[in-house]
Amino acid sequence: MAVPTETTGPATPGTTPAVKPARLRRGSRIPLTPKVLVGAVILIFFALVAIFGPMVAPHSPDWQANSTSSTPLPPSGKFLLGTDQQQHDIFSQVLAGGRDTLLIAFVAGLIATCLSVLIGVTAGYVGGWVDEVLSILSNIFLALPGLLILMVVMTPLPPADTDNPLLIGAVIALTAWAWGARVLRAQTLALRNQDYVESARVIGERKPRIIVFEILPNLLPILASSFIFTVIYGIGTYVSLSWLGVISPATSTWGTMLNTAQQDSAMLGGYWWWYVPPALCVALVGIALALLNFGIDEIINPRLRSARDNRKGVRYTLGLTPVLRTAGNGSPPRSHRATAGSADLPTPVAAASEGKSK
Amino acid sequence: MTTILRRLGFYVLAAFAAVTLNFFLPRMLPGNALQALLAKMQTTTITPQQLQALADQYGLNSKQSTFSQYMTYLGHLFQGDLGHSTSKSVAVTQILSKDLPWTIGLVGSATIVAFVIGTLLGIVVGWRRSGLLDALLPAATFFQAVPYFILASLLLITGGFYWKLFPYANGYDTGRNSNLTQGWNGPFVTSVVEHGVLPAATVALASIAGWIIGMRNMMITTMDEDYVLVAAAKGLPRWKVIAVAARNAILPTISNFALSISLVVTGSIVTEIVFSYPGIGYQVYLAVLDADYPLMQGILLVVTFTVLGANLLADIAYVILDPRARKEA
């Protein structure tokens, strides 16, 4: 699974634009690099599969082609992805298996993100002993091996309980919020002493208002990134748990398909059409999310952009700091973009090219 | 000094929290779940007395108060007693002491390999940002975003099954024709290393992307610092300038390691299951299959302590590398 990369240092004024105008520009601030584009397309595809897959599947997941044979059939015109040992149609199972997996990961991401905002922002903004206690709490949760705890908790649970996507999602979220809380706390600490927050405090705005309207908008990219990370974690955890047979959902999911494939040693039997499609689906969703995360990291810190993403041919060398020009020096960004050829790519300009640049 | 004491205090607290969680986990489950579990155990080789002892241990129909149960539990723990495995009829600690070295060896060697290669690659990618490597970076996320067991299965089926590069099951040769004696002798060590290549490669591959990307991003940020510019302006050779930047960029990646170590350890557990590697990961899988709850709990505790120990090591490394961390005292 993913190893988190915490790329956020304390915010420098250049990377966190002022709040109010940002709202107007938000649409144009997401750089549609190839990475983001590919990630989004794959993700939308799987979202559609999750919603409509079970409806368009030619057979129900439990449908069996015949009950006498026990040899998996290779892909053919009749069964697009072949069948497994019990003669279930793999194609139908793959189509139907995405819904629970994605739903659980989404629920887990949502709950974990809410928890991490609650704990991380409170710790960062309130400070003092509250910060101390909450930091210790999240550090402890970071050290706990989530998957193992889930195994210990879920093994004795009756199948009826492990069949409830919302419950599973919530339990996974309980082991997943700490990372986001820690990152959000660090960023809140950095934002707390920024001038605009200071001035809001001087004006006499109340704490909840400052947090919701001044601080949260600037945490959005980090929030999105930690949400995506949690969803990747949720998918990995849920698929691993059902692959291990710790939870056995009544309906077939990608994880349970891999579980039966493993138990009937499909791998060593050479029945690739049985285990490759579900594994590929899981991998593709994970990759799509990771690609999106790349894009968000580059929003948080524009300096991280890959040099390959701009076609202007600026070589990044020591002493040459690329700066995003999308912040638009008062000029309306829309008209500016309309004239520029590759409108979606912000132009890096040399900000500090003195010194040794060649 | 105070910083170190505070960190040590945190570890004591975290260890205590883990122990307490371990105690309350079976008690937080819905009441019928444990009954069902015990009923499942009844079918295996277990005497009624042992079953009764287990029911007491988990506070089922016990006359004692929860607090005194907790005290008994702590007392047992301090004597190094983690209970009896129900499926293997031996003390849990005995199983753990046999299996833990395998897991620590696997995670340790994989982490060192991933750290060295990943950091070096990250330095290169961060320094030469226009290079081809930078464009290949998204490919590294494949390993990062895919669940461990899929990556492990991929390596097993390619490197192990089809290409037959390395053995893909067990920790050493256990075949009929093998005449290995465990211990520090040449043939056994060779066999262990051969069997460890694929599992270690899985864990290393999965975590290497994190090191590369973390190091690259920190290099890019650090290279804008004035002292790097000064180093270059003084006319130092290229590699020395890189070393100046890299030394400072490496610090955050080490503190990031603390964030990811529990993911790496749980990942290695899954990897062990795929490769039937004789560590505690494979043991917990067997325990799940046998509904061996005492063993599962013992493993949970030991793994948490391992993660805390690795965190402590990262802390110490950080203090050694960063003079500021020492100065704060």
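Residues numbered from 1 in each chain as written. Chains lettered and ligands numbered in written order. Predicted model: local features only at pLDDT ≥ 70, side-chain atom pairs only at ≥ 80, totals over all residues. Heavy atoms only, no water.

### Focus on the overall build of chain A
Summing up its helical and strand segments, chain A has 14 helices and 2 strands in all. Each of the 358 residues in chain A was classed as buried or not, and the buried ones make up 54%. Of the contacts formed within chain A by residues at least 6 apart in sequence, a portion of 74% connects residues at least 24 apart. Here chain A has roughly 15600 Å² of accessible surface; of this, 66% comes from carbon and sulfur atoms. (Helix = DSSP H or I, 4+ residues; strand = E, 2+ residues; numbered from the N terminus. Buried < 20%, exposed > 50% of the residue type's maximum accessible area, 1.4 Å probe, protein only. Contact = heavy atoms within 4.5 Å. Areas by Shrake-Rupley, 256 points an atom, 1.4 Å probe, with all protein chains shown as cover.)

### Overview of a nonpolar patch on the surface
Residue and element names in this part refer to chain B. Nonpolar side chains collect at one region of the surface, where Ile112, Val113, Val116, Ile117, Leu120, Leu121, Val124, Leu132, Leu133 and Leu136 lie side by side and expose about 860 Å² of accessible area between them. Elements supplying a minimum of two residues to the nonpolar patch: α5 (92–127) and α6 (132–145). Top element by residues in the nonpolar patch is α5. It accounts for 7 residues. Structurally, the position occupied by Leu120 is in helix α5. (Patch = residues over 30% accessible without salt bridge, like charges linked within 9 Å, V, L, I, M, F, W, Y side chains within 5 Å. Salt bridge = Lys/Arg side-chain N within 4 Å of Asp/Glu carboxyl O.)

### Notes on the packing of helix α10 (residues 238–275) of chain B against helix α12 (residues 293–321) of chain B
All names here are of chain B. Put simply, α10 and α12 touch, their axes get as near as 10 Å, and they point 170° apart. When the axes of α10 and α12 are compared, the pair comes out roughly antiparallel. Where α10 abuts α12, its residues Arg247, Ile250, Leu251, Ile254, Ser255, Phe257, Ala258, Ile261, Ser262, Val265 and Ile269 lie against Val303, Val307, Ala310, Asn311, Ala314, Tyr318 and Leu321. (Axes fitted to C-alpha atoms, helices over the stretch in contact; angles between N-to-C directions. Parallel < 35°, antiparallel > 145°, perpendicular 65-115°, else oblique.)

### A closer look at the interface of chain B and chain A
The interface of chain B with chain A comprises 78 residues on the first partner and 66 residues on the second. Taking both partners together, chain B and chain A bury about 6400 Å²; carbon and sulfur atoms supply 72% of that area. Seen at the junction of chain B and chain A, the total is 0 salt bridges. The interface formed by chain B and chain A holds 2 residue pairs in polar contact (both at pLDDT 80 or more) in total. (Buried area = accessible area lost by both parts, 1.4 Å probe. Polar contact = N/O pair within 3.5 Å; in protein donor to acceptor, adjacent residues only side chain to side chain.)

### Quick look at the domain arrangement of chain B
Residue and element names in this part refer to chain B. Structurally, chain B comprises domain 1 (2–78) and domain 2 (92–317). In this complex, domain 1 contributes 18 residues to the contact, which on the side of domain 2 involves 12 residues. Both sides of the domain 1 and domain 2 interface together cover about 1300 Å² of buried area, and 70% of this is carbon and sulfur. Inspection of the region where domain 1 meets domain 2 yields 1 salt bridge. Across the salt bridge formed by Arg7 and Asp315, the nearest N and O atoms sit 2.7 Å from each other. At the level of elements, α1 (2–28), α2 (31–42) and α4 (66–78) are the ones that each hand at least two residues to the side of domain 1 that touches domain 2. (Domains from an automatic or database assignment.)

### Things to note about the packing of aromatic side chains
The relative placement of two aromatic rings is captured by the distance of their centres and the angle of their planes. Within the structure shown, the criterion is met by 15 aromatic pairs over all chains. The rings of Phe23, Phe24, Tyr70 and Tyr73 of chain B are connected pair by pair, giving a single aromatic cluster. (Phe/Tyr/Trp six-rings, centres within 6.5 Å; stacked < 30°, edge-to-face > 60°.)

### Side note on α5 of chain B
The end-to-end C-alpha separation of α5 of chain B is 50 Å, in line with the 52 Å expected for 36 residues at 1.5 Å each. At Asp99 of chain B, α5 of chain B shows its largest bend, some 35°, and a proline, Pro101 of chain B, comes one to four positions later. (Expected span 1.5 Å × (residues − 1). Bend = angle between axes of the 7 residues up to and from the residue.)

### Concerning the environment of Leu301 of chain B
Residues and elements named next belong to chain B. Considering the arrangement of structural elements, one finds Leu301 in helix α12. In this structure Leu301 comes out as buried when scored by relative accessible area, which is 7%. With 279 residues separating them in the primary sequence, Leu301 and Asn22 have C-alpha atoms 6.9 Å apart. Not counting chain neighbours up to four residues away, the residues in contact with Leu301 comprise Ala18, Val19, Asn22, Tyr73, Leu77 and Leu82.

### Remarks on the nonpolar core
If you look at the biggest cluster of nonpolar residues, it comprises 159 residues, and the most contacted ones within it are Met151, Met154 and Ile235 of chain A. Ranked by residue count, the leading element in this core is helix α10 (residues 207–244) of chain A, at 17 residues. If near-sequence neighbours (up to four positions away) are discounted, Ile235 of chain A is found in contact with Thr101, Leu102, Ala105, Val282, Val285 and Leu289 of chain A. Counting 14 residues, the second largest nonpolar core, distinct from the first, contains Ala232, Val241, Ala245 and Ile250 of chain B. (Core = buried A, V, L, I, M, F, W, Y, C linked by side-chain atoms within 4.5 Å.)

### Considerations on the packing of helix α2 (residues 34–56) of chain A against helix α3 (residues 90–126) of chain A
All names here are of chain A. The interhelical angle for the contact between α2 and α3, taken along N-to-C directions, is 130°, at an axis separation of 7 Å. Classified by the angle their axes make, α2 and α3 are oblique. Along this stretch, α2 crosses α3, giving a crossing that reads as left-handed. Where α2 approaches α3, its residues Phe46, Val49, Ala50, Ile51, Gly53, Pro54, Met55 and Val56 are matched on the opposing element by Leu95, Ala96, Gly98, Arg99 and Leu102. Looking at side-chain class alone, the contact of α2 with α3 contains 10 nonpolar, 2 polar and 1 charged residues. (Left-handed = near helix turned anticlockwise from the far one by under 90°. Nonpolar A, V, L, I, M, F, W, Y, C, P; charged D, E, K, R; others polar.)

### Some thoughts on the UniProt feature "transmembrane region" (unreviewed entry) in chain A
Sites flagged by UniProt as "transmembrane region" (unreviewed entry) map to residues 36–57, 102–126, 133–154, 166–184, 211–235 and 272–296 of chain A. Segment residues 133–154 of chain A splits into 91% helix and 0% strand. End C-alpha atoms: 29 Å apart. (UniProt positions renumbered as here; feature names shortened; annotations may be inferred.)

### With respect to the UniProt feature "transmembrane region" (unreviewed entry) in chain B
Mapped onto this numbering, the UniProt entry gives "transmembrane region" (unreviewed entry) at residues 7–25, 102–127, 139–163, 196–214, 257–278 and 298–321 of chain B. With 88% helix and 0% strand, residues 139–163 of chain B has its two end C-alpha atoms placed 23 Å apart.

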